[in-house]
Amino acid sequence: MNAPTHLYLAGFDVFRPNAAEHGQALQQLCRQHGFVGHYPTDPSPPPDLQGPALAHWILQSNLAAIRQADAVLANLNPFRGLEPDSGTAFEVGFAHALGKPVWAYVDDDRTLLQRVPHEAGPDGRLYDAQGYQVEDFGLPLNLMLACSVRLVRGDAAACLQAMAADRTAPP
């Protein structure tokens, strides 16, 4: 029998008002699909840490959890704007650099061009309201994320289902 696959659960979900309950629900979903989920709030930091010391502790704890995981499950839905959470993007990149498989999910998999309001500039390129070029690769995320993950349209349950199906598929 194969050992269970341990997943690091990356995402902005740790900022929810009900973050602990949401993390437990994600971990339960992982168990239902044959995975073990590790939520970034586990373990709890020492109670005496504050400010930058606490931030550094959280960073090191999360990096250690990613190193120990077999793969990463990432929520790449927009957070505070049109793009995924920057911390989650960092975790995806770190896991990718370590050679870990990264699976991600988004609710909306339309292309950036379809999602980001834009206008054609005098050079024929497409620019957003801030004057930055909108990349047009037919991808739903910045190419650095879209090309480094297995992307599933839907929620965490849909992504876990796809992961489980992939794991059971013949090579």
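It should be noted that the structure appears before, not after, this text.
Residues numbered from 1 in each chain as written. Predicted model: local features only at pLDDT ≥ 70, side-chain atom pairs only at ≥ 80, totals over all residues. Heavy atoms only, no water.

What to know about the overall build of the chain
Piece 1. Each helix and strand counted, the chain has 6 helices and 7 strands in total.
Piece 2. Counting helices and strands in the order they occur from the N terminus, the chain gives β-α-β-α-β-α-β-α-β-β-α-β-α.
Piece 3. Over its C-alpha atoms, taken along the principal directions, the chain stretches across nearly 55 × 50 × 30 Å.
Piece 4. Taken across its 171 residues, the chain has 39% of its residues classed as buried. (Helix = DSSP H or I, 4+ residues; strand = E, 2+ residues; numbered from the N terminus. Buried < 20%, exposed > 50% of the residue type's maximum accessible area, 1.4 Å probe, protein only.)

Topic: the side chain of R115
Piece 1. Mapped onto the secondary structure, R115 falls in helix 4 (residues 112-115).
Piece 2. As a buried residue without a salt bridge, R115 has its nearest oppositely charged side chain in D108, at a separation of 4.7 Å.
Piece 3. Engagement of the side chain of R115 in a polar contact is seen with the backbone oxygen of P140, the distance being 2.7 Å.
Piece 4. Once you skip the residues sitting within four places of it in the chain, R115 turns out to touch P78, L82, D108, R110 and P140. (Lys, Arg positive; Asp, Glu negative; His and termini not counted. Salt bridge = Lys/Arg side-chain N within 4 Å of Asp/Glu carboxyl O. Polar contact = N/O pair within 3.5 Å; in protein donor to acceptor, adjacent residues only side chain to side chain. Contact = heavy atoms within 4.5 Å.)

Let's talk about the environment of P101
Piece 1. Tracing the chain through its elements places P101 in the loop between helix 3 (86-97) and strand 4 (102-106).
Piece 2. Note on P101: relative accessible area 42%, which makes it partly exposed.
Piece 3. Distance in space between the C-alpha atoms of P101 and A71 is 4.9 Å, their sequence separation being 30 residues.
Piece 4. Dropping the residues within four chain positions of it, P101 is found in contact with D70, A71 and V72.

Side note on the pairing of strand 3 (residues 71-75)
A regular strand carries its side chains on alternate faces of the sheet.
Piece 1. In terms of residue burial, strand 3 counts as a mostly covered element, since 5 of its 5 residues are buried.
Piece 2. The alternating pattern of strand 3 places A71, L73 and N75 and V72 and A74 on opposite faces, both of which are buried.
Piece 3. Taking the sense of rotation as the criterion, the β-α-β connection linking strand 3, helix 3 and strand 4 turns out right-handed. (Right-handed = clockwise from strand over helix to strand, strands pointing away.)

Section: the side chain of T5
Piece 1. Here T5 shows up in strand 1 (residues 5-10).
Piece 2. One polar contact links T5 to R167, side chain to side chain, over a distance of 3.4 Å.
Piece 3. Non-local contacts of T5, meaning those with residues more than four positions away in its chain, are made with G34, F35, V36, D70 and R167.

Description of the sheet that holds strand 1
Piece 1. Within the open sheet, the 5 strands sit side by side as 2-1-3-4-7. Their pairing is parallel. If you trace the sheet from one side to the other, it starts and ends with strand 2 (35-38) and strand 7 (150-153), each paired once. Averaged over neighbouring strand pairs, the angle between their axes works out to 25 degrees when direction is ignored.
Piece 2. Strand direction decides the pairing type here: strand 4 and strand 7, joined by 4 bridges, are parallel. Bridge pairing in strand 7 places W103 opposite R150.
Piece 3. Across the sheet, helix 1 (residues 19-32) is in contact with strand 1 and strand 2; its angle to strand 2 comes to roughly 160 degrees. (Pairing = 2+ DSSP bridges. Axes fitted to C-alpha atoms, helices over the stretch in contact; angles between N-to-C directions.)

Regarding the nonpolar core
Piece 1. Ranked by size, the top nonpolar core spans 19 residues in total, and within it Y8, V72, A74, L76 and V92 carry the most contacts.
Piece 2. Those elements that place two or more of their residues in this core are strand 1, helix 2 (51-68), strand 3, helix 3, strand 4 and helix 5 (143-146).
Piece 3. Excluding residues that lie within four positions of it along the chain, L76 makes contacts with P84, T88, V92, A104, Y105, V106 and L141.
Piece 4. With 17 residues, the next largest nonpolar core counts L9, F35, L73 and A164 among its residues. (Core = buried A, V, L, I, M, F, W, Y, C linked by side-chain atoms within 4.5 Å.)

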